[in-house]
Amino acid sequence: MRPTGMTAAARMGSGIRPALIVALAVLAVGVARCGDLVEIRNANLNLVTSEKDAKSTRTPITSALLATPAHLHDDNEIAVEFSMSVDKPSDFKPQQRVLTLTHSERRTQAARFVGDVTSSGKGSLKVTFQVTADAVEKQLGTLNGEYEAEVVVADASFKNSYKFGFGKVLVSHAHQADGSLSSDPELYPRETKYAPKEEFEHIMREADKRPPSMISLVFAGAMFCPLVLLMLVVQQSGANLKKLPSVFFQAVLFHSGIAATLGLIVYYWLSLPFLQTVPILLGLSAFAGLTGFHLLRGLCKVSEKAE
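Being a predicted model, the structure only gives us computed values, none of them experimental.

Each value, and the rule that gives it
Residues numbered from 1 in each chain as written. Predicted model: local features only at pLDDT ≥ 70, side-chain atom pairs only at ≥ 80, totals over all residues. Heavy atoms only, no water. Helix = DSSP H or I, 4+ residues; strand = E, 2+ residues; numbered from the N terminus. Buried < 20%, exposed > 50% of the residue type's maximum accessible area, 1.4 Å probe, protein only. Contact = heavy atoms within 4.5 Å. Areas by Shrake-Rupley, 256 points an atom, 1.4 Å probe, with all protein chains shown as cover. Salt bridge = Lys/Arg side-chain N within 4 Å of Asp/Glu carboxyl O. 1 Å grid on protein atoms, 1.4 Å probe; cavity = no way out; pocket = protein on both sides within 12 Å on 5 of 7 lines; lining within 4 Å. Points joined across faces, edges and corners; volume = space filled by probe spheres on them. Nonpolar A, V, L, I, M, F, W, Y, C, P; charged D, E, K, R; others polar. Pairing = 2+ DSSP bridges. Patch = residues over 30% accessible without salt bridge, like charges linked within 9 Å, V, L, I, M, F, W, Y side chains within 5 Å. Axes fitted to C-alpha atoms, helices over the stretch in contact; angles between N-to-C directions. Core = buried A, V, L, I, M, F, W, Y, C linked by side-chain atoms within 4.5 Å. pLDDT = per-residue confidence, 0-100. Parallel < 35°, antiparallel > 145°, perpendicular 65-115°, else oblique. Left-handed = near helix turned anticlockwise from the far one by under 90°.

Scanning the protein from N- to C-terminus turns up six helices and ten strands. Out of the 307 residues in the protein, the part that is buried amounts to 26%. Here the contacts in the protein between residues at least 6 apart in sequence split such that 68% fall between residues at least 24 apart. If you sum the accessible surface of the protein, you get close to 22600 Å²; carbon and sulfur atoms cover 62% of it.

Shown next, in the form of structure tokens:
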């Protein structure tokens, strides 16, 4: 009879072939993309400060950080210009072009600005980031102080992305109507995760009144009354206690082990931790077992001698 279905090996082979084809296609695309990677050339970064009713000041930024923080306030604006040359068409725009201002003290607070791209032809591009005090206020509120500035320009076609922190920017927001400085916004919940909590008072319940110590001692002594009563009952019942003196020492040890075990259980019930109770209980149990064995053996020897 001819088989109507595919064997396991045939089904496995049919499933591997499409996966192998897809893997080879992805590898070919990756190799092609690696061959198309371009390199950034002639990268220059400039800081342009424009005051109202005044000329702008251009400060070239090299590999060193700014000597003094750039001051940003309501009467000026700052532009960070990044120029470069790449072997790309004139309408090319990098996928990622971000200027990040991170507050030096409150690290979770950061303002981000997207750069505008202009081209002068022949692969020359310029990315400009316009920063104003109003734009910072829209993102973070009136948070004054120093910010650490970092520029990132990247694209999937770049061989190496551009990332550079060029220094600090001091942001001063406008004064209030009474002439005082603008207050910083309150801390956000994620900033106060480990901050001290508000102190609160709790009134504990008053302790219950206890009886006088003499009454407690009387009741503690009354605990031995059942033992005395037991001895009296044993004598009145006609029990044979003649053989007891010969094994008296073994009997004392055995009953001491039993009493210590019961006392340990009470102590565990009151306050002793379980992990500390277990080893002590094992030791007392072994002691009681051995002393009980010697007691029974002694009683057997006394019985044999009597016979």
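Moving on from the model shown.
For the structure on display, the rule yields four salt bridges. When the shortest N-O distance is used, the salt bridge between E148 and R107 registers 3.1 Å. Of this pair, E148 sits in strand β9 (residues 145–154) while R107 sits in the loop between β5 (96–103) and β6 (110–114), placing them 41 residues apart in sequence. Look at R107 and you get partly exposed, because its relative accessible area is 46%.

All right, on to empty space enclosed by the protein then. According to the stated counting rule, one finds one cavity of 30 Å³ or more in the structure shown. The space that makes up the largest cavity amounts to roughly 30 Å³. Taken together, L47, I78, V80, L99, L101, V131, F166 and V169 make up the full set of residues lining the largest cavity. Taken together, the residues of the lining of the largest cavity break down into eight nonpolar, no polar and no charged.

Pairing of strand β7 (residues 116–121) with strand β8 (residues 124–132), which is carried by five bridges, proceeds in the antiparallel orientation. Note that in β8 the partner of G121 across the bridge is S124.

Turning to a nonpolar patch on the surface, a few remarks are in order. A contiguous nonpolar surface patch, about 560 Å² in accessible area, is contributed by M214, I215, L217, V218 and F219. Turning to its location among the elements, F219 is positioned in helix α3 (residues 213–222). According to the relative accessible area criterion, F219 is exposed, its value standing at 61%.

Here G145 is to be found in strand β9. Measuring from C-alpha to C-alpha, the distance between G145 and L170 comes to 5.6 Å, with 25 residues separating the pair along the chain.

Here we come to the sheet that holds β5. The strand order across the open sheet built from five strands is β3-β10-β9-β5-β6, with neighbouring strands paired in mixed fashion. Only two strands of the sheet have a single neighbouring strand rather than two, namely β3 (70–72) and β6. Between one strand axis and the next, the sheet turns by 30° as a mean value, whatever way the strands run. When β3 meets strand β10 (residues 162–171), the two strands line up parallel, connected through three bridges. If you follow A70 over to β10, its bridge partner there is V169.

Membership of the largest hydrophobic core comes to 36 residues, with the highest contact counts inside it found for L45, V80, L99, V136, V151 and F166. Here L45 is in contact with T59, P60, I61, V80, E81, F82, V151, Y162, F164 and F166, once residues within four sequence places are set aside.

Put simply, the protein has an average pLDDT of 80, and 83% of its residues get 70 or more. Counted against residues more than four places away or in other chains, residues 29–35, with its pLDDT under 50, gives two contacts.

Another aspect to go through is the sheet that holds strand β1 (residues 41–51). Strand-to-strand pairing in sheets goes through backbone hydrogen bonds, with the strands running parallel or antiparallel. Spatially, five strands are ordered β2-β1-β4-β8-β7 in an open sheet, and the strand pairing comes out antiparallel. Edge positions in the sheet fall to β2 (56–61) and β7, since each of these pairs with one other strand and no more. Here the strands of the sheet are splayed against their neighbours by 25° on average, with no regard to which way each runs. As judged from the nine bridges shared by strand β4 (residues 76–85) and β8, these two strands associate in the antiparallel manner. Bridging from a neighbouring strand, A79 pairs with Q130 of β8.

Further remarks concern the side chain of E81. Following the sequence through the fold, E81 ends up in strand β4. The buried category is assigned to E81, whose relative accessible area is 12%. Once you skip the residues sitting within four places of it in the chain, E81 turns out to touch N44, L45, N46, V48, R58, K126, V127 and T128.

What follows deals with the packing of helix α5 (residues 248–270) against helix α6 (residues 274–306). One way to put it is that α5 packs onto α6 with a least axis distance of 8 Å and a crossing angle of 160°. Looking at the two axes, α5 sits roughly antiparallel to α6. In this structure, α5 crosses over α6, and the sense of that crossing is left-handed. Seen from α5, the contacting residues are Q250, A251, L253, F254, G257, I258, A260, T261, L264 and Y268; seen from α6, they are F274, T277, I280, L281, L284, F287, A288, T291, G292, H294 and L295.

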